[in-house]
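The residues making up each chain are set out below.
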Amino acid sequence: MDLPVLPPLSFFVAAFLLAIIPGPGIAYVVARTASGGKAEGVASTLGTAVGGLVHVLAGALGLSLLIAQSAAAFAVVKYLGAAYLIYLGVRTLMTRQGNADTQGLPRAGIHRAWREGIVVEALNVKTAMFFLAFIPQFVSPQQALAPQFVLLGCICVALNSLADLVAVFAANQILRAGVVKATRQRVMAQCSGFTLVALGVLVVLTGGEK
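Along each chain, numbering runs from 1 in the same order as the chain's sequence is written. Selection of residues for local features in this predicted model requires a pLDDT of at least 70, selection of side-chain atom pairs for listing and counting requires 80 or more, and totals for whole chains, interfaces and linings are taken over all residues. Here the side-chain values reflect all heavy atoms present in the structure, with hydrogen atoms and water set aside.

Caption draft 1: Geometry of the layout of surface pockets. Cavities and pockets were defined on a 1 Å grid built from protein atoms only: a cavity is a group of points that admits a 1.4 Å probe but offers it no way out, a pocket is an open group of points flanked by protein on both sides within 12 Å along at least five of seven lines, and a lining residue is one with an atom within 4 Å of any such point. Grid points are joined across faces, edges and corners, and a volume is the space filled by probe spheres set on the points. Taken as a whole, the largest pocket spans an internal volume of roughly 880 Å³. Along the wall of the largest pocket there are 35 residues; nearest its centre are P24, G25, E121, N124 and T127. Of all the secondary structure elements, the ones that give two or more residues to the lining of the largest pocket are α1 (9-20), α2 (24-36), α3 (38-61), α5 (71-98), α6 (110-122), α7 (125-134), α8 (145-176) and α9 (182-205). Going along the chain from the N terminus, every DSSP run of H or I of four or more residues is numbered as a helix, and every run of E of two or more is numbered as a strand. Take the lining of the largest pocket: its biggest share by element is six residues, from α8.

Structure representation (structure tokens):
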């Protein structure tokens, strides 16, 4: 089987521009960074990368297309993803408020942040629709489609993850600037909780039409 050809420069330019545009993915990892620190932000970024690869493989196998063509399946995945984001946001708000008088704010841990990142991205139907709409524009009909889809999808995931990591480290630097007091930590944690809830609501309210 022939290996996929090197993607054109136009693909890298388009994928790079799409990666650096702030969106729900960046908002999510920044929220996790504000809630649990740099380690959890990085772990959640690695988790969303794995979740993105799930969509790449699903798209290459045609599963994403089947979901896109089924209104019921599309709605189930969409609302599960939204509900999970809202759950994470509410849990963050309740945890931080319950520990408002403590100096050390409890963290979810990097393993949990990684697992939750996978679930959040794997249930994000927007990612599946993006891959199905964007990648086919750059595949060659003279080459096997599945290997090309996987290659281009992996490049997109890598660029998105790099952009997320930059956002995580930038957010961490802002949080660490000067002496971060407990009050400031609580405010940032509450903002992260509200951000996750808002992302979940946004998923419900937008992009539901077939």
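After that view, the rundown keeps rolling.
Caption draft 2: Highlighting the packing of aromatic side chains. Any two of the Phe, Tyr and Trp rings considered here, Trp counted by its six-membered ring, make a pair once their centres fall within 6.5 Å; the pair's planes then place it as stacked at under 30 degrees, edge-to-face at over 60, or tilted in between. Scanning the entire structure with this criterion turns up six aromatic pairs. Seen from their ring centres, F130 and F131 are 5.6 Å apart, and the 55° between their planes marks the pair as tilted. Summary of the burial criterion: residues with accessible area below 20% of their type's maximum are buried, those above 50% are exposed, and those between are partly exposed, where the area comes from a 1.4 Å probe applied to protein chains only. Since its relative accessible area comes to 2%, F131 is described here as buried.

Caption draft 3: Structural view of the pattern of salt bridges. Salt bridge criterion: a side-chain nitrogen from Lys or Arg within 4 Å of a carboxyl oxygen from Asp or Glu. According to the stated counting rule, one finds three salt bridges in the structure shown. Salt-bridge contacts for E40 lead to R32; the nearest nitrogen and oxygen are separated by 3.5 Å. A salt bridge links R32 to E116; the nearest nitrogen and oxygen atoms lie 2.6 Å apart. Of the two residues, R32 is situated in helix α2 and E116 in helix α6; the sequence distance between them amounts to 84 residues. Put simply, R32, E40, R112 and E116 are held in one network by salt bridges that share partners.

Caption draft 4: Structural context of the side chain of T33. Note on placement: T33 falls in helix α2. Note on contacts: a residue pair qualifies if any of its non-hydrogen atoms lie within 4.5 Å across the two residues. In this structure, T33 is in contact with K38, G41, V168, A171, N172 and L175, ignoring residues within four places of it in sequence.

Caption draft 5: Inspection of the side chain of E121 at higher detail. With respect to the element layout, E121 can be found in helix α6. His is not counted, nor are the chain ends, whereas Lys and Arg count as positive and Asp and Glu as negative. Of the side chains with opposite charge, R32 comes closest to the buried, unpaired E121, at an N-O distance of 12 Å. Any pair of nitrogen or oxygen atoms within 3.5 Å is treated as a polar contact; in protein, a donor-acceptor pairing is required on top of that, and neighbouring residues in sequence qualify only through side-chain atoms on both sides. Reaching out from E121, the side chain makes a polar contact with the side chain of T127 at a distance of 2.6 Å. The contact partners of E121, leaving out residues within four places of it in the chain, are T48, G51, G52, H55 and T127.

Caption draft 6: Summary view of the nonpolar core. In terms of nonpolar packing, the biggest core is built from 16 residues, with F11, A15, F131, F134, I135 and C156 touching the most fellow members. Residue assignment for this core shows that the elements contributing at least two residues are α1, α3, α7 and α8. Those residues in contact with F11, other than ones at most four positions away along the chain, are F134, F138, L152, I155 and C156. Of all hydrophobic cores here, the second largest spans nine residues; its members include Y28, V29, A31 and L196. Residues enter a nonpolar core if they are buried and are Ala, Val, Leu, Ile, Met, Phe, Trp, Tyr or Cys, with the set joined through side-chain atoms within 4.5 Å.

Caption draft 7: The arrangement of a nonpolar patch on the surface in detail. The residues that make up patches have over 30% relative accessible area and no salt bridge, and they are joined within 9 Å when like-charged or within 5 Å when they are Val, Leu, Ile, Met, Phe, Trp or Tyr. Areas reported as accessible are Shrake-Rupley estimates using a 1.4 Å probe. Residue values count occlusion only from the protein chains shown. On the surface, a cluster of nonpolar side chains totalling about 730 Å² of accessible area is made up of L9, F12, V13, F16, L17, L18, I20 and I21. When you line up the elements, I20 lands in helix α1.

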